[in-house]
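Now for the letters of each chain:
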Amino acid sequence: MEHLLELKDISKSYSGVLVLSGVEVTLDAGEVLCLVGENGAGKSTLIKIVSGVVTPDTGTIRVMGNVCEKMTPRQAINLGIATIYQDIDLVDNLTVADNVFLGCEIRTRLGTVDRKKQEEQTGKLLDRLELHGISPDVLLEDLSTAQKQCVQIVKALRNEARILILDEPTASLGDEETRMLLRMVRELATKSGIGIIYISHYIEELFEIGDRMLILKDGRQVSVRNVKETTQDQVIRDMIGRDASSFYHREYFDPGKRVLRISHYANRRTVHDVSLEIRSGEVFGLGGLVGAGRSELVRMVYGVDRKESGKLLLDGVDITPKNPWDAIGRGIYMISEDRKGEGLLNLRSVRENIMVTHNERREFINLTKEAEAVNDLVDQFEIRLPGIEAEVTSLSGGNQQKAIIARCVADPGEIYIFDEPTKGVDVGAKEEIYGHILNLAKQDKFIIIISSDMPELLAMSDRIGVMREGVLAGIVETKDTGEEELMRMYLGLD
Amino acid sequence: MAKTAEKNGRAAKILTSQPFVLFVFIIAVSIITNAINPRFLTWSTINSVMSQATTLGLIACGATILVISGHFDISVGRMVGLCTCTMAILINSGMNEVLAGLLGVGLCILCSVINGSLSILFNAPTMIVTLATGSIYYSIALIMTKGYMQTLYGKFRFLASFRFFGRIPFLYLMLLVGFVFVFLLLRHTRTGREVYAIGTNARSAYLSGINVNLCRVKFFALSGALIGFACMFMLSRVSAAQATSGDGMELEAIGAVVIGGSSINGGKGGVVGTFFGVILLSMISTAINMLHINAFYEYFFYGLVILIALAITALREYAVRKQRG
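Residues numbered from 1 in each chain as written. Chains lettered and ligands numbered in written order. Predicted model: local features only at pLDDT ≥ 70, side-chain atom pairs only at ≥ 80, totals over all residues. Heavy atoms only, no water.

## Some details on the sheet that holds strand β12 (residues 274-279) of chain A
All names here are of chain A.
Next, step 1: Read across the sheet, four strands follow the order β12-β11-β14-β15 without closing on themselves; strand pairing throughout is antiparallel. Strand pairing shows two members of the sheet lacking a second neighbour, β12 and β15 (317-318), which therefore form its edges.
Next, step 2: As paired elements, strand β11 (residues 259-266) and strand β14 (residues 309-314) share five bridges and run antiparallel to each other. Its bridge partner lying in β14, Arg 261 is registered against Leu 313.
Next, step 3: Lying over the sheet, helix α9 (residues 294-302) contacts β11, β12 and β14, oriented at roughly 110° with respect to β11. (Pairing = 2+ DSSP bridges. Helix = DSSP H or I, 4+ residues; strand = E, 2+ residues; numbered from the N terminus. Contact = heavy atoms within 4.5 Å. Axes fitted to C-alpha atoms, helices over the stretch in contact; angles between N-to-C directions.)

See the structure below:
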């Protein structure tokens with residue numbers, strides 16, 4: 001029998017960084033294939049390739065036996081591949097039926113939209129999925145999140161999808177709703193013979209719904225396992241891989257005496273009453289899955305995002321910053337994970353980028369002295385560049401990041417927050433960045449580091465605070481913690 | 001070797017820079033016009049070009065600050081009308097001329113700061129906010145003047161008539177002072193760096209510790225002050241004011257900034273280019289006059305020059321991209 005979908009030797013790299021290599025997998029009719037892997041393992045790239053958004057560098061995609069080269073999203077849809085992304089992309093102020101037929105409306109003879117017919121057909125589809133609670137003529141905004149997800153699936157079915165890709169469909173659903181959705185997806189596969197690719201962080205969910213699992217790690221395919229013949233432990237072991245020994249070895253030193261207290265930080269939505277203490281000279285890691293509230297917490301600490309409550313105390317003295325310049329005035333620096341959007345002054349020179357924070361201290365700039373200071377920092381951080389007047393975006397990712405770190409040490413600081421400091425940075429530059437971070441710790445500064453790369457977090461931190469669904473789930477000493485244990489904490493297992 | 005390469009690179013950079021291209025263009029237009037009508041390169045013609053350039057130049061200086069930082073003020077023309085009318089009414093009512101002038105400058109700063117603050121308050125694009133405020137300023141000017149022209153009958157002439165060494169008009173000097181001021185501001189001060197930083201990426205600027213909203217108000221205040229002085233010099237030169245006195249100036253000013261090579265998307269540019277842009281635009285009307293071309297063509301050439309400047313900018317960016325690969 002022909003496979004519904006067959007991927008052979010799929011690889012993709014972005015500006016020299018391999019994000020996916022040698023993926024080989026098949027999907028049959030009526031089957032649920034789960035994609036499993038850490039953040040950045042390549043799951044999203046893979047589904048983007050299947051849905052035609054991204055073209056792979058190598059490899060072949062066969063849909064029902066036909067080779068698809070340079071597939072566009074439109075072609076993918078025509079081939080019956082429907083992708084439902086985590087964020088709902090429906091129009092809130094249209095009715096359910098209008099949403100389902102958006103872009104391919106049924107016309108009357110006069111050329112106007114035939115609402116009646118659309119509602120009729122939508123009603124049939126809803127019945128088929130046993131979604132009796134949704135009426136075709138209600139406005140989308142009156143539905144719950146779970147119901148909206150269902151409408152997305154209905155829309156995919158209207159397009160006669162043969163392959164349905166679901167990216168974290170349950171991320172924003174409650175228990176009851178999740179169960180309903182899972183049941184529906186399962187039935188779609190068994191009854192309608194649709195092939196389903198399913199992505200979720202919740203491992204238990206995958207065991208409930210999946211037939212097979214494709215496990216990815218750093219863009220490589222680790223294994224394809226039959227759900228019935230495997231265990232959670234095995235899957236977790238596959239997810240983290242076994243090459244941790246080759247990782248960075250840091251030097252450990254005794255932390256200092258000063259104490260920074262993050263006290264009762266909360267906002268309404270993503271962070272709920274987080275308190276923790278950090279010693280000076282310590283590298284404190286913040287771990288957790290995407291959406292666990294790590295970045296949200298440190299952004300409140302830095303004074304960028306609004307908070308409901310929370311105080312920052314250094315040796316008992318209140319130093320809570322109101323905004324970024326207030327934070328910097330108190331020696332608090334944060335390096336955002338979004339380098340392009342929140343770090344770099346894209347069109348400007350390396351010189352202006354490095355000195356932007358420092359220059360806020362006085363009105364007049366002595367260009368000669370400034371150049372000296374910049375050159376010193378460039379040497380100190382070994383930033384490789386054609387000259388300090390070069391546009392910052394002409395540098396490699398690693399050198400851009402080093403320039404941003406240099407910006408934060410141009411003036412003496414006390415507290416340094418690194419949010420994903422090695423994202424999009426090549427291996428060599430990663431080690432240099434680790435060195436600079438540890439150097440700051442050695443100078444008795446407070447260091448908070450967020451990383452989705454678990455080996456990195458374990459190698460860099462003295463202690464790791466694990467966040468889960470907006471709360472601090474626990475703090476562990478890295479010395480007696482393995483990746484497996486940490487992953488279990490992330491996932492909230494036992 | 002490396003040094004000569006660097007030197008060559010720098011020379012190439014200057015030769016392909018927008019201000020230099022404009023400079024060559026201005027010289028070329030001057031020579032051609034002068035060949036047809038030899039009265040073009042005379043003191044009185046240069047005089048006429050420069051006096052036109054003073055008002056536009058100072059306004060374009062302010063517009064440069066705004067455009068580079070990612071803002072537009074299209075209420076400038078209406079502000080000029082309101083401000084010159086206010087000055088004229090105050091002077092005619094017997095107020096000290098200098099005091100009246102300074103009050104007018106203050107009024108411009110106020111109007112400009114209102115523009116900036118409203119755009120922050122409503123989180124709305126400055127283009128739209130100033131579209132609205134400009135209309136309001138215009139109406140205030142009409143109500144104040146009842147629609148009549150305010151003539152000064154020879155008062156307030158001292159600014160325009162003053163000449164250094166009996167030859168060099170004070171106004172030219174003020175034009176240069178304005179440009180040098182903004183040039184130094186953009187290059188050597190924190191405010192200048194903030195202009196570029198906010199223009200290229202306001203979010204990064206904010207997280208790097210720049211009080212972005214306060215800076216925005218500061219930029220509008222600076223632009224307002226420059227507009228205010230431009231109004232003062234203009235009133236002194238033409239000795240009359242009405243609500244429509246400044247009509248179209250905002251677009252001429254933004255045009256000059258764009259011709260000068262500053263990026264309309266913000267983050268890039270400089271005031272040297274704007275200077276040549278202003279001279280070029282001011283020359284056009286005089287040149288057309290001297291070449292005995294129908295005056296109706298004036299705006300045609302304005303548009304053409306802006307398009308040519310855009311084409312040059314696009315070409316240069318294409319070349320840079322190609323070079324990088």
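## Here we look at helix α13 (residues 271-290) of chain B
Next, step 1: For α13 of chain B, built from 20 residues, the straight-helix expectation of 28 Å at 1.5 Å per residue is met to within 8% by its first-to-last C-alpha distance of 29 Å.
Next, step 2: One or two steps after α13 of chain B, the chain reaches His 292 of chain B, where phi turns positive at roughly 55°. (Expected span 1.5 Å × (residues − 1).)

## Examining the interface of chain A and chain B
Next, step 1: Taken together, the contact pairs 35 residues of chain A with 25 residues of chain B.
Next, step 2: Roughly 2600 Å² is buried in total at the junction of chain A and chain B, and carbon and sulfur atoms are behind 51% of that figure.
Next, step 3: When the shortest N-O distance is used, the salt bridge between Arg 193 of chain B and Glu 370 of chain A registers 2.7 Å.
Next, step 4: Between the two partners, chain A and chain B, sit 18 residue pairs in polar contact (both at pLDDT 80 or more). (Buried area = accessible area lost by both parts, 1.4 Å probe. Salt bridge = Lys/Arg side-chain N within 4 Å of Asp/Glu carboxyl O. Polar contact = N/O pair within 3.5 Å; in protein donor to acceptor, adjacent residues only side chain to side chain.)

## Digging into the pattern of salt bridges
Two side chains of opposite charge can pair, provided their charged atoms sit close to one another.
Residue and element names in this part refer to chain A.
Next, step 1: With the rule as written, the count across this model stands at 37 salt bridges over all chains.
Next, step 2: A salt bridge links Asp 233 to Arg 488, with the shortest nitrogen-to-oxygen separation between them at 2.0 Å. Of the two residues, Asp 233 sits in helix α8 (residues 232-240) while Arg 488 sits in helix α17 (residues 483-491), which places them 255 residues apart along the sequence.
Next, step 3: Judged by relative accessible area, Asp 233 falls into the partly exposed class, the value being 32%.
Next, step 4: Between Arg 463 and Glu 282 there is a salt bridge whose closest N-O contact spans 2.5 Å. Of this pair, Arg 463 sits in strand β19 (residues 463-468) while Glu 282 sits in the loop between β12 and β13 (283-287), placing them 181 residues apart in sequence. (Buried < 20%, exposed > 50% of the residue type's maximum accessible area, 1.4 Å probe, protein only.)

## Considerations on the side chain of Ser 11 of chain A
All names here are of chain A.
Next, step 1: Assignment of secondary structure puts Ser 11 in strand β1 (residues 5-14).
Next, step 2: A distance of 3.2 Å separates a polar atom in the side chain of Ser 11 from the backbone nitrogen of Gly 22.
Next, step 3: Within the structure, the side chain of Ser 11 is placed 3.3 Å from the side chain of Thr 58, a separation counted as a polar contact.
Next, step 4: Residues contacting Ser 11, with those up to four places away along its chain left out, are Leu 20, Ser 21, Gly 22, Pro 56, Asp 57 and Thr 58.

## What about the environment of Glu 469 of chain A?
Residue and element names in this part refer to chain A.
Next, step 1: For Glu 469, the position within the fold is in the loop between β19 and β20 (471-477).
Next, step 2: Residues Glu 469 and Gly 492 lie 23 residues apart in sequence; the distance between their C-alpha atoms is 9.8 Å.
Next, step 3: With residues up to four places along the chain from it excluded, the contact list for Glu 469 reads Tyr 202, His 272 and Ala 292.

## Section: a negative patch on the surface
Next, step 1: A surface patch of like charges, here negative, comprises Glu 372, Asp 376, Asp 379 and Glu 382 of chain A.
Next, step 2: Among the structural elements, Asp 379 of chain A can be located in helix α13 (residues 367-380). (Patch = residues over 30% accessible without salt bridge, like charges linked within 9 Å, V, L, I, M, F, W, Y side chains within 5 Å. Areas by Shrake-Rupley, 256 points an atom, 1.4 Å probe, with all protein chains shown as cover. Lys, Arg positive; Asp, Glu negative; His and termini not counted. Charge placed at Lys NZ, Arg CZ, Asp CG, Glu CD.)

## Focus on the side chain of Ser 223 of chain A
Residues and elements named next belong to chain A.
Next, step 1: In this structure, Ser 223 sits in strand β10 (residues 220-226).
Next, step 2: On the accessibility criterion, Ser 223 (11% relative accessible area) is buried.
Next, step 3: Within the structure, the side chain of Ser 223 is placed 3.4 Å from the side chain of Arg 225, a separation counted as a polar contact.
Next, step 4: At 2.7 Å, the side chain of Ser 223 forms a polar contact with the side chain of Asp 238.
Next, step 5: If near-sequence neighbours (up to four positions away) are discounted, Ser 223 is found in contact with Met 213, Leu 214, Ile 215 and Asp 238.

## Some thoughts on the environment of Tyr 148 of chain B
All names here are of chain B.
Next, step 1: Residue placement: Tyr 148 occurs in the loop between α6 (126-145) and β1 (150-151).
Next, step 2: Tyr 148 sits in the exposed class, given a relative accessible area of 58%.
Next, step 3: In the structure, Tyr 148 is positioned 93 residues away from Ala 241 in sequence and 9.0 Å away in space, judged by C-alpha atoms.
Next, step 4: Setting aside its immediate chain neighbours within four residues, Tyr 148 contacts Ala 241 and Gln 242.

## Here's the deal with the packing of helix α4 (residues 76-92) of chain B against helix α5 (residues 97-121) of chain B
Residue and element names in this part refer to chain B.
Next, step 1: Following both chains from N to C, one finds α4 and α5 inclined at 155°, their axes separated by 9 Å at the closest point. As the angle between them shows, α4 and α5 are arranged roughly antiparallel. Relative to α5, α4 is oriented so that their crossing is right-handed. On α5, the residues touching Met 79, Leu 82, Cys 83, Thr 86, Met 87, Leu 90 and Ile 91 of α4 are Glu 97, Ala 100, Gly 101, Leu 103, Gly 104, Val 105, Leu 107, Cys 108, Cys 111, Ser 112 and Asn 115.
Next, step 2: For the contact of α4 with α5, the per-class residue count stands at twelve nonpolar, five polar and one charged. (Parallel < 35°, antiparallel > 145°, perpendicular 65-115°, else oblique. Left-handed = near helix turned anticlockwise from the far one by under 90°. Nonpolar A, V, L, I, M, F, W, Y, C, P; charged D, E, K, R; others polar.)

Treat this as a map of the structure, not an account of what it does.
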